[in-house]
Amino acid sequence: MFHLATFDEIAGIAHGIETTNPAMVDRIRRAADRLNRYEIAARLAQAIAEAADAAHVRAFEEAQFGEASADAIVDSEYYDDLAAAWSLVAGEHQLISPDAIFAHDGSVH
């Protein structure tokens, strides 16, 4: 279900969404143009949470029934794409960068 990846691999996945689902990326970009950085971050967090929920449902169905339902598979793939698209857009708005991650001092304020 989950696997470890390097930051470069994750960035490659986010940029791949432009190729696999350009309409979704365009829709997210248009929506983000009307949002401030906090709202974009909130949308990204929501998309990540929805992707995790969908992955858990899919994994549960696979464990319980030997295979996931078509709905669980489609939901999982859609929310993965949505999280990747919001991640790409957040990066374009400079909300996600390796420098920002490594510069964090651990405080919550």
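Criteria and cut-off values
- Residues numbered from 1 in each chain as written.
- Predicted model: local features only at pLDDT ≥ 70, side-chain atom pairs only at ≥ 80, totals over all residues.
- Heavy atoms only, no water.
- Salt bridge = Lys/Arg side-chain N within 4 Å of Asp/Glu carboxyl O.
- Helix = DSSP H or I, 4+ residues; strand = E, 2+ residues; numbered from the N terminus.
- Buried < 20%, exposed > 50% of the residue type's maximum accessible area, 1.4 Å probe, protein only.
- Core = buried A, V, L, I, M, F, W, Y, C linked by side-chain atoms within 4.5 Å.
- Contact = heavy atoms within 4.5 Å.
- Axes fitted to C-alpha atoms, helices over the stretch in contact; angles between N-to-C directions.
- Parallel < 35°, antiparallel > 145°, perpendicular 65-115°, else oblique.
- Left-handed = near helix turned anticlockwise from the far one by under 90°.
- Nonpolar A, V, L, I, M, F, W, Y, C, P; charged D, E, K, R; others polar.

Q: Give me the lowdown on the pattern of salt bridges, citing residues and values where you can.
A: Per the counting criterion, the structure on display carries four salt bridges. R29 is paired through a salt bridge with D26; the nearest N and O atoms lie 4.0 Å apart. Highlighted residues: R29 and D26, both in helix α2 (residues 22-32), separated by three residues, approximately one helical turn. Judged by relative accessible area, which is 24%, R29 ranks as partly exposed. Among the residues examined, D26 registers a relative accessible area of 38% and is labelled partly exposed. Here E62 and R58 are joined by a salt bridge, their closest N and O atoms 3.4 Å apart. One end of the pair is E62 and the other is R58, both in helix α3 (residues 37-65) and four residues apart, which spans about a single turn. Using a relative accessible area of 37% as the deciding quantity, one classes E62 as partly exposed. Given a relative accessible area of 23%, R58 falls into the partly exposed group.

Q: Just give me the short version of the nonpolar core, but keep the residues and values in it.
A: Grouped together as the largest cluster of nonpolar side chains are 18 residues, with contacts concentrated most on I17, I28, I40, L82, A85 and W86. Mapped by element, the contributors of at least two residues to this core are α2, α3 and α4 (70-92). A total of eight residues in this core trace back to one element, the largest contributor, which is α4. For A85, the residues in contact, after removing those within four places along its chain, are I17, M24, V25 and I28.

Q: Describe in detail the packing of α3 against α4, supporting the description with residues and values.
A: At a minimum axis distance of 8 Å, the contact between α3 and α4 shows a crossing angle of 155°. Comparing the axis directions of α3 and α4 gives the class roughly antiparallel. With respect to the hand of their crossing, α3 and α4 are arranged in left-handed fashion. Residues I40, R43, L44, A47, I48, E50, A51, A54, A55, V57, R58 and E61 of α3 form the contact with α4, whose participating residues are A72, I73, D75, S76, E77, Y79, D80, L82, A83, W86, S87 and A90. Residue classes in the contact of α3 with α4 are distributed as 15 nonpolar, two polar and seven charged.

Limitation: the analysis is restricted to geometry and does not speak to function.
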